[in-house]
Amino acid sequence: MRKPIIAGNWKLNKTIAESRELSAQLAKSLKEIDDREIIIAPVYTALATVADVIKSSPIQLAAQNCYPEKDGAFTGEVSPEFLQDAGCQYIIIGHSERRQLLNETDHFINQKLFRVLETGLKPILCIGETLQERENNRMLDVLTTQIKGGLANLTAKQMATVVIAYEPVWAIGTGKTASAEQAEDVHSFIRGLLQELFDSKVATQTRILYGGSVKPNNVDELMSQKNIDGALVGGASLNAEDFVRLVQFEN
Ligand code: PEP
């Protein structure tokens, strides 16, 4: 009932030529897939090129961020409208790297989320605790604050296209993955919270992705968990063979 999503976050990697090459390899290898959604998020400068390469494939395009204004005097920023113009269907917001390096707050992330929805694009809202927060038993409070803040003032109807990505910060790019049980526990907690904040339909229908060192050797176990509906992948999405294997997970 919840169609799985495998999403690749390329971060600040791959030139336009490299992005064209990787997306062409993926489009070729994944052309028959229709029982799961495949998303790739290249750097801004490669979006339009990649959109063109994948246009006849099942692969969808995401941006890694956006600014919560439509247009105007916002030097250096890019809005959901311009990302839609470049060919995006999804926008990742609130990635932990942006929260940590650029001090993005839940309020700012919430503003972006509204603008993404207003544009008719689909947000992937990232949340996750640091190692210190987990060790100090603050994990559930932190996740609750991020969810309540990020999804503030949204209606159940507006939740229909929102995707959540749970990414424990200590597992991102570190090679340390949350065990399938640890991830499942948190996903189940998030689903319960969605039930409390919205309703059971939202809780049942919202896709919750796991992110944090997802690799070909752990994807099947993660994807076999009841409340894990997909993966947001950094490192392993930069290699065509690995990413194709992730999309072809078995559960
Ligand atoms: C990410 O950046 O969203 C991520 C999960 O990275 P990695 O897969 O490299 O841990």
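This structure is a prediction, so every number in the text was calculated from the model and none was measured.

J.: With reference to specific residues and values, describe the overall build of the protein.
T.: A tally of regular secondary structure across the protein gives 11 helices and eight strands. Its C-alpha atoms give the protein a radius of gyration of 17 Å, within 12% of the compact-globule value 18 Å for 251 residues. Relative to its full complement of 251 residues, the protein shows a buried share of 54%. Taking contacts inside the protein between residues at least 6 apart in sequence as the whole, the part at least 24 apart equals 71%. Carbon and sulfur atoms provide 47% of the accessible area of the protein, an area that totals close to 11,400 Å². Counting 26 positive and 32 negative side-chain charges, the protein places the averaged centre of each group 3 Å from the other.

J.: Outline the environment of Met223, listing residues and values.
T.: Mapped onto the fold, Met223 is located in helix H10 (residues 219-223). Residue Met223 is classed as buried on the basis of its relative accessible area, which comes to 4%. On a C-alpha basis, the gap between Met223 and Gln195 in space is 22 Å, while along the polypeptide they are 28 residues apart. Apart from the residues within four sequence positions on either side, Met223 is in contact with Pro4, Ile228, Asp229, Gly230, Ala231, Phe249 and Asn251.

J.: For the site of the ligand, give the residues involved together with the corresponding values.
T.: As a matter of local geometry, the ligand sits amid 14 residues, with Lys11, Glu167, Gly173, Ser213 and Gly234 nearest to it. Taking Glu167, its side chain carries an N or O atom lying 2.6 Å from an oxygen atom of the ligand. Gly235 is positioned such that a nitrogen or oxygen atom in its backbone is 2.8 Å from an oxygen atom of the ligand. Counted by class, the shell around the ligand contains four nonpolar, eight polar and two charged residues.

J.: An account of unusual backbone geometry is needed here, citing residue identities and associated values.
T.: Both trends apply: most residues other than glycine have a negative phi, and most peptide bonds are in trans. With phi around 55 degrees, Asn103 is a residue other than glycine that occupies positive phi space. Relative to the elements of secondary structure, Asn103 occurs in the loop between helix H4 (96-101) and helix H5 (106-119). Residue class for Asn103 comes out exposed when judged on its relative accessible area of 60%. Non-glycine residue Asn137 carries a positive phi angle of around 55 degrees. Mapping Asn137 onto the fold places it in the loop between helix H6 (131-135) and helix H7 (139-150). On the basis of relative accessible area, Asn137 is assigned to the exposed category, the value being 71%.

About the cut-offs
Residues numbered from 1 in each chain as written. Predicted model: local features only at pLDDT ≥ 70, side-chain atom pairs only at ≥ 80, totals over all residues. Heavy atoms only, no water. Helix = DSSP H or I, 4+ residues; strand = E, 2+ residues; numbered from the N terminus. Rg over C-alpha atoms; globule rule 2.2 N^0.38 Å. Buried < 20%, exposed > 50% of the residue type's maximum accessible area, 1.4 Å probe, protein only. Contact = heavy atoms within 4.5 Å. Areas by Shrake-Rupley, 256 points an atom, 1.4 Å probe, with all protein chains shown as cover. Lys, Arg positive; Asp, Glu negative; His and termini not counted. Charge placed at Lys NZ, Arg CZ, Asp CG, Glu CD. Near = heavy atom within 4 Å. Polar contact = N/O pair within 3.5 Å; in protein donor to acceptor, adjacent residues only side chain to side chain. Nonpolar A, V, L, I, M, F, W, Y, C, P; charged D, E, K, R; others polar.

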